[in-house]
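# Descriptive analysis of the structure
Take a look at the letters that make up each chain.
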Amino acid sequence: MAAPESDRLRSPPYSILTSVAPANEAKLDAHGPDASEPRTTHPQPTLTQGTLARSDSTGERDRRFDQFKTLGGRLERQLSSIRGGSQHPHPDPAAAGDDEASRDSEAETDDDSCKVPTADRYFAALEGPELETLRATEVPVLPEDETWPFLLRFPISAFGMCMGVSSQATLYKTLELEPSTAFLRVSPGVNYVLWWVSAALMALVSFIYLLKVVFYFEAVRREFHHPIRVNFFFAPWIACLFLAKGLPEPVMSLHHAVWYQLMAPILFLDLKMYGQWMSGGEWRLSRVASPTTHLAVVGNFVGAQLGARMGLREPALFFFAVGTVHYVVLFVTLYQRLPTNVPLPRDLHPVFFLFVATPSVASVAWARISGEFGLGARVAYYVALFLYASLVARVSFFFRGVRFSLAWWAYTFPVTSAAIATAVYASAMTSALTQALAVGLSAVASVTVAGVLATTVYRAFVRRDLFPNDVSIAIRRRPKAKFGKILKRIRTSSADLKELVVSRHSGAGSASETSSVSEPPTPMVYGRARAEP
C-alpha cells in the first residue's frame, strides 16, 4: 500500500524514490545489473562499533604498529596500493567513513614515521627530567589503552640488569684476589657461577633487543634519538667490559683485539655525544644532562681499567683522559641543575646513585694505569665515598613510596663499583677499618643485587608488569591537538548518523513499510534510487 501523498511530500526526495521502487528490485539493483551475480551482505555499521564490525567482517589484522616495523609499514602499504584494486572489486560503501579515517590515519602515520622527532620535540611532548611521561596535551601515535607488542615495550635500559649482575662477578673476583680480603677465603666457584649467570643474562637480553632491531628498527631509531635514552646505548658495552674483567681466567689471557672491539662502539658514541654537547643547539649539555648521563662517561673508565690490566697502558690513558674532562663538566652541570628545575619523580630516585659509579671506577682505573693506589686514585675514591655517604644518609628518600621499575637497577652497578674500589683501596691502605668497610660495602652490594634481581623476576613472570607501554617513543613528529581525534571521529560518523535519522523519518510515513525499513538501507541503495529516472 502506498503512503499518503502528504507524507510523501514531507519525506526527503530520496525517501520518495526508494518507497516507489519495490524492495526486491532495489536490492537487486544495489548489486549491479547482473541478477545472477552472487550477492554479498554486509553488516550495517553502528555509531559505537563501526570500526570493530568492519574489522571482524573483513578479517584484517591490526596495522597500527606497522609504522615501527623495519620497512614493514611502508612496504606493505606500497604493495597493497599496487594490488588493492583487484583484490576488492566490491568495496563496502557502509565502511566509507572508516576507510577515510584509516587513510587519514595512515597519512599521519607516514608523516610521523618518515623522520624521527627532534630533541626539541621530545622535550615538548614529554615531561620529567628523564623524559618518560607523555604530557596531557599530547596524543601518541600508538593506542594508550592497549598493551603493545612485547618487543616495542622492551627498552634499551634493560641492559642495566646486565651491568648490575656482571659487576657482581667482578666484585667476587676482586674479593678473591685482593690481599685485603684474603681472610674471607672467597671460593673461585662463586666468581665462576656469577660469571656464567651474567653471560646467560647478557645473551638473553641481547637476543631480545636484537629481535627488536630486526623487526622494529624504527622504534630503536627513536630510542637512539631520545635525549636521555641514548645514554643507555653505552650499557651493553659496559656490561661486556665487566664480563671481560670478571672472567674466571686471568685477564692477561684475553687477546688485545677483544678490548679494541669493545671500545670501538664506546669511542663512536663518545664522538657523537660529546660533539653534540660542545656544538650547542638542542643537544647542548645544559639541556640534556641528567643522572643517567653518567653512563656516557663511566664507560671510558671501565675500558681504561680493563686496558691497563691487559697491558694496553697508552690506549687506557687516552680513554681515562677523555672521561675525566667530560666527567668534570658533567658533574658541575648536574650540581647546578641547569637542565630543569623540576625535581626527579620518585620512581627515578635510584638514578641518583649513578653519581657514585663514575668516581669509584675512575679511582681503580687510575690505580691500574699508574701501578699504585696513589694520590689521584685516592682523590677520586674519596669523592665517591663522600657521595655514597651523602646518599645513604637520605635512604628514606630513595625507597619510601617508590614504585619498582627497571630504574631500580641503578642501585646495583654503583654500589658494586664502590665496593670494588674499597677492596682495592684497603689493599693499599690496610687497616681494620678499611677491611671492615670493604666487607660491609660488598655485603650491601650483594644484598642489593640479589633483592633487585628477585623483584625483577617476580614482576616480569608473576605480575607481568615490568615492561609497560613505552610512551616515550610513541610521540608524534609534529604536535596534534587532543580534540582533533574527536572531531575526526564525528566527521567519519556523520554519514551513519544521517542514515539513521532518514530511516527513522521515512519509517514513520507508513505502517505497512515498517518491516521493510527496520534495517536502514545502505548508502548504495540511496545512490541507485537517486540515479533512477
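Residues numbered from 1 in each chain as written. Predicted model: local features only at pLDDT ≥ 70, side-chain atom pairs only at ≥ 80, totals over all residues. Heavy atoms only, no water.

### Description of the overall build of the protein chain
- Within the protein chain, the secondary structure is distributed over 23 helices and 2 strands.
- Buried residues in the protein chain amount to 47% of all 533 residues.
- Of all intrachain contacts in the protein chain linking residues separated by at least 6 positions in sequence, the fraction that spans at least 24 positions is 81%.
- About 26500 Å² of surface is accessible on the protein chain, with carbon and sulfur atoms providing 64% of the total. (Helix = DSSP H or I, 4+ residues; strand = E, 2+ residues; numbered from the N terminus. Buried < 20%, exposed > 50% of the residue type's maximum accessible area, 1.4 Å probe, protein only. Contact = heavy atoms within 4.5 Å. Areas by Shrake-Rupley, 256 points an atom, 1.4 Å probe, with all protein chains shown as cover.)

### Observations regarding the state of the cysteines
- Scanning the model with the defined rule gives 0 disulfides in all.
- Unpaired in terms of disulfides, Cys-162 finds its nearest cysteine sulfur in Cys-240, a separation of 8.3 Å. (Disulfide = S-S within 2.5 Å.)

### Concerning the packing of helix α15 (residues 295-309) against helix α17 (residues 354-370)
- Packing of α15 against α17 brings their axes to within 8 Å, and their N-to-C directions diverge by 25 degrees. When the axes of α15 and α17 are compared, the pair comes out roughly parallel. Here the hand of the crossing between α15 and α17 comes out left-handed. Between α15, through Leu-295, Val-297, Val-298, Phe-301, Val-302, Ala-304, Gln-305, Ala-308 and Arg-309, and α17, the contact on the second element is made entirely by Leu-354, Ala-357, Thr-358, Val-361, Ala-362, Val-364, Ala-365, Arg-368 and Ile-369.
- In terms of residue class, the contact of α15 with α17 is made up of 14 nonpolar, 2 polar and 2 charged. (Axes fitted to C-alpha atoms, helices over the stretch in contact; angles between N-to-C directions. Parallel < 35°, antiparallel > 145°, perpendicular 65-115°, else oblique. Left-handed = near helix turned anticlockwise from the far one by under 90°. Nonpolar A, V, L, I, M, F, W, Y, C, P; charged D, E, K, R; others polar.)

### Considering the confidence of the model for the protein chain
- Of all residues in the protein chain, 65% attain a pLDDT of 70 or more, and the chain-wide mean is 77.
- Here helix α4 (residues 50-58) stands out as the element of the protein chain with the lowest mean pLDDT, 39, in contrast to helix α10 (residues 188-215), whose mean of 96 is the highest.
- Contacts from residues 1-59, a stretch scored under 50 in pLDDT, to residues over four places away or in other chains number 60 contacts.
- Below pLDDT 50 for its whole length, residues 85-113 participates in 35 contacts with residues either more than four positions away or in separate chains. (pLDDT = per-residue confidence, 0-100.)

### Side note on the side chain of Ser-166
- Note that Ser-166 resides in helix α9 (residues 159-177).
- In this structure Ser-166 touches Ser-198, Ala-239, Phe-242 and Leu-243, once residues within four positions along its chain are discounted.

### A look at the nonpolar core
- Core analysis: the largest hydrophobic core is formed by 117 residues, its most contacted members being Leu-142, Leu-152, Phe-159, Val-205, Trp-277 and Phe-413.
- Ranked by residues supplied to this core, first place goes to α15 with 9 residues.
- Residues contacting Val-205, with those up to four places away along its chain left out, are Phe-154, Ala-158, Phe-159, Met-161 and Cys-162.
- In terms of nonpolar packing, the next biggest core, distinct from the first, is built from 8 residues, Ala-377, Tyr-381, Ala-421 and Val-424 among them. (Core = buried A, V, L, I, M, F, W, Y, C linked by side-chain atoms within 4.5 Å.)

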